[in-house]
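So you can see what is in the structure, the chains are spelled out below.
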Amino acid sequence: MTSALRIARALFVSQYALMLEFRAEILLWALSGLMPLLMFSLWSGAPAGAAAGISPQAFARYFLAAFVVRQFTVVWVVYAFEEDNLLGRLSPLLLQPLPLVWRYAAAHLAEQATRLPFVVGMVALFFWAVPEAAWIPSPTRLLLALLAAHLGFWLSFLLQHAITMLCFWSERASALERFLFMPYLFLSGLLAPLDLYPEAVRRFALLTPFPSMLYLPAQLASGGAIDAVAGFRTVAVWLAVLIPLNLVLWRAGVRRYAAMGG
Amino acid sequence: MAIVHVQGLSRSFRVSEKDPGLAGTLRHFLRRKVRTVEAVRDLHFEIEPGEMVGFLGPNGAGKTTTLKMLSGLLHPSGGRVEVAGHVPAHRQAAFLRRITLVMGQKQQLIWDLPPLDSLRVNAAVYGLDDREAARRIAELAEMLELGEELHRPVRKLSLGQRMKAELMAALLHRPEVLFLDEPTLGLDVNAQAAMRRFLADYNRRHGATVLLTSHYMADITALCPRVLLIHAGSLFHDGSLEQLTQRLAPRREVRLELADILPGSAFSGYGEVESCSGRDVRLLVDRDQLTTVVGRLLADLPVLDLEVRDPPIEDIIGRLFRQGSTEQP
């Protein structure tokens, strides 16, 4: 096994073991992501949906898919890094020949693996409660949705990780992350499918990375109309922007950490 | 060839100062007062491979700052530093594999998992295969007398056990250079002794170079034939503890138990009276006159018992730090 794979495996296994120590917390974290299901209950009786040609069944499938996607794209790296920075845990890790980002990424992937059983249970519960909305996506759609969700996670992770690097300049970079939550809320499709937005707003939203984090995978999974090629193209463009940005910020941040006193 | 080479090493920090109270807070918000602190000034020293060197100094002297610069955590403000053929500030992977920095109050083990889980991650990070990792873990566990503790969550370990496990994590990749910042801080007497035995044994087995800071003189006297004493950011002494003692305490202590009680004035011709309590007297006598003075004391006074000793090294160092002596080597 190559050394990179060995390291990835070791990190994932240890972080998965750590996450399993917090089973009750994982359930609570999963439940705290219920917002799409709450939006479904708001939209299911609203006339605007029908006026836009979206049936209650389509709404149910979209928001259930959005709920599932949200469970596997939630990112908290800025809070973890900030805590490690304030508690002095960064120094020993910075002296190891492994970029810190891999530890945090492994922790996120391990948390997703821990959430999986809870999410399956909640989906089953939803299908029992709203049987008319139950569906199985086609294999193509399912694969594309899984790929889009995973790439959406990486987009979300890289965006928040870029903000995290600001912790090297400000101890409270998490405040800036909260500032980004507003555009995510409105542009990702969390509040409503982007089909309901005015055309100009929808076009603008589709240029940002936010729909890639939720709307794209949710539409693919739920069978909604979506230009998948354009969607994945947007993902590729934002990855091409965020990956080098993260590299530059990491190097500058570590230099500043070393310059300012560790 | 030296494995640690330091020349003209300096480090300064800009720190902001705030006056207390609301007025001070508003002034601080509108117009911050900043001053420069020279934490380390113009250090020069070299350490040969396999040496164990103690790094002494009062709080705020610059010891930890120096260790951080040697390990690459901090960039120097000036001067040159080279460790194991690398410039630490570049933090190249090849350099990081050859060193380790253990800071007494900082941890790398995952708090809620047994140490073995963290050790497996470290083994992968440093490129150890499973068999080699298992062999090294077994060796370190035997040296550090850790057994079933490795299977318990770190949060359930005592401080001494946790420090030992942290050392295991820090040494698993068998670094050539160890920077240890207060490794026995907070440990009880037995744990401190165990830690010293381990470090001496590790140095003997693997020829590792060790630079160790400690406020416990027992660590330094037990482990370090050579001492670097840093004070107010500058190097005050580079040599053995014995040389430091002779330099800072040119006199030796003579303790007398007398058959009769004599006044303090009776001893003024022999040396400086440190204390005179009943029949117990303590004098400070110049080293080069010691033999003559002891002979005179035995001949002139009713001495029941006599002992000659060096003043405790802790007292010597403590006096130096309190006096703020800046005599340069």
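Residues numbered from 1 in each chain as written. Chains lettered and ligands numbered in written order. Predicted model: local features only at pLDDT ≥ 70, side-chain atom pairs only at ≥ 80, totals over all residues.

**Quick word on the overall build of chain B**
Tallying secondary structure elements over chain B gives eleven helices and 13 strands in all. The dimensions of chain B, computed from C-alpha atoms along their principal axes, are 75 × 60 × 45 Å. Burial analysis of chain B (329 residues in total) assigns 40% to the buried set. For chain B, the share of sequence-separated contacts (at least 6 apart) that also reach a separation of at least 24 residues comes to 69%. (Helix = DSSP H or I, 4+ residues; strand = E, 2+ residues; numbered from the N terminus. Buried ≥ 20, exposed ≤ 12 C-beta atoms within 10 Å, placed from the backbone. Contact = placed C-beta atoms within 7 Å.)

**Side note on the domain arrangement of chain B**
You can read the domains of chain B as domain 1 (4–245) and domain 2 (250–309). If you average the C-alpha positions of domain 1 of chain B and of domain 2 of chain B, the two centres end up 44 Å apart. (Domains from an automatic or database assignment.)

**Comments concerning helix 6 (residues 77–86) of chain A**
Residues and elements named next belong to chain A. Within the span of helix 6, buried status applies to Val 77, Val 78, Phe 81 and Glu 82. Projection of helix 6 onto a plane perpendicular to its axis shows the buried side chains occupying an angular sector of 125°, all on one side. Exposed and facing more than 90 degrees away from the buried side of helix 6 are Glu 83 and Leu 86. Turning to helix 6, the residues buried within the fold contact helix 8 (100–129), helix 9 (139–164) and helix 10 (174–187). Looking one or two places after helix 6, you find Gly 88, whose phi comes out positive at around 75°. (Arc of directions from axis to C-beta.)

**Brief notes about the sheet that holds strand 1 (residues 4–17) of chain B**
Residue and element names in this part refer to chain B. The three strands lie next to each other as 2-1-4, forming an open sheet whose pairing is antiparallel. Looking at the sheet topology across the chains shown, the edges are occupied by strand 2 (33–47) and strand 4 (78–83). On average, adjacent strands in this sheet sit at an angle of 30° to one another, irrespective of strand direction. (Pairing = 2+ DSSP bridges. Axes fitted to C-alpha atoms, helices over the stretch in contact; angles between N-to-C directions.)

**Brief notes about the confidence of the model for chain B**
Residue and element names in this part refer to chain B. In this model, chain B carries a mean pLDDT of 88, and residues with pLDDT of at least 70 account for 96%. Here residues 325–329 scores under 50 on pLDDT; set against residues more than four positions off or in separate chains, the count is five contacts. If you check the scores for this complex, the pTM reads 0.84 and the ipTM reads 0.85. (pLDDT = per-residue confidence, 0-100.)

**Let's talk about the interface of chain A and chain B**
Tallying the contact residues gives 23 residues for chain A and 25 residues for chain B. Of all the secondary-structure elements, those providing two or more residues to the side of chain A that touches chain B are helix 1 (3–20), helix 7 (90–94) and helix 14 (228–260) of chain A. Here the element with the most residues in the side of chain A that touches chain B is helix 1 of chain A; it accounts for eight residues. Residue classes in the side of chain A that touches chain B are distributed as 13 nonpolar, seven polar and three charged. (Nonpolar A, V, L, I, M, F, W, Y, C, P; charged D, E, K, R; others polar.)

**Notes on the nonpolar core**
By size, the foremost hydrophobic cluster in this structure holds 143 residues, and its most contacted members are A:Phe63, A:Ala66, B:Met168, B:Phe179 and B:Val210. At twelve residues, helix 9 of chain A tops the list of elements feeding residues into this core. Each residue touching A:Phe63, except ones within four places of it in the same chain, is listed here: A:Pro36, A:Leu37, A:Met39 and A:Phe40. Core analysis: the next-biggest nonpolar cluster, separate from the first, contains nine residues, B:Val254, B:Leu256, B:Phe267 and B:Leu297 among them. (Core = buried A, V, L, I, M, F, W, Y, C linked by C-beta atoms within 7 Å.)

**What about unusual backbone geometry?**
Residues and elements named next belong to chain B. A positive phi angle, near 50°, is found at Asp 42, a position not held by glycine. Position of Asp 42 relative to the elements: it lies in strand 2. Overall, the presence of 14 C-beta atoms within 10 Å leaves Asp 42 in the partly exposed class. One non-glycine residue, Ala 84, lies in the positive phi region at around 50°.

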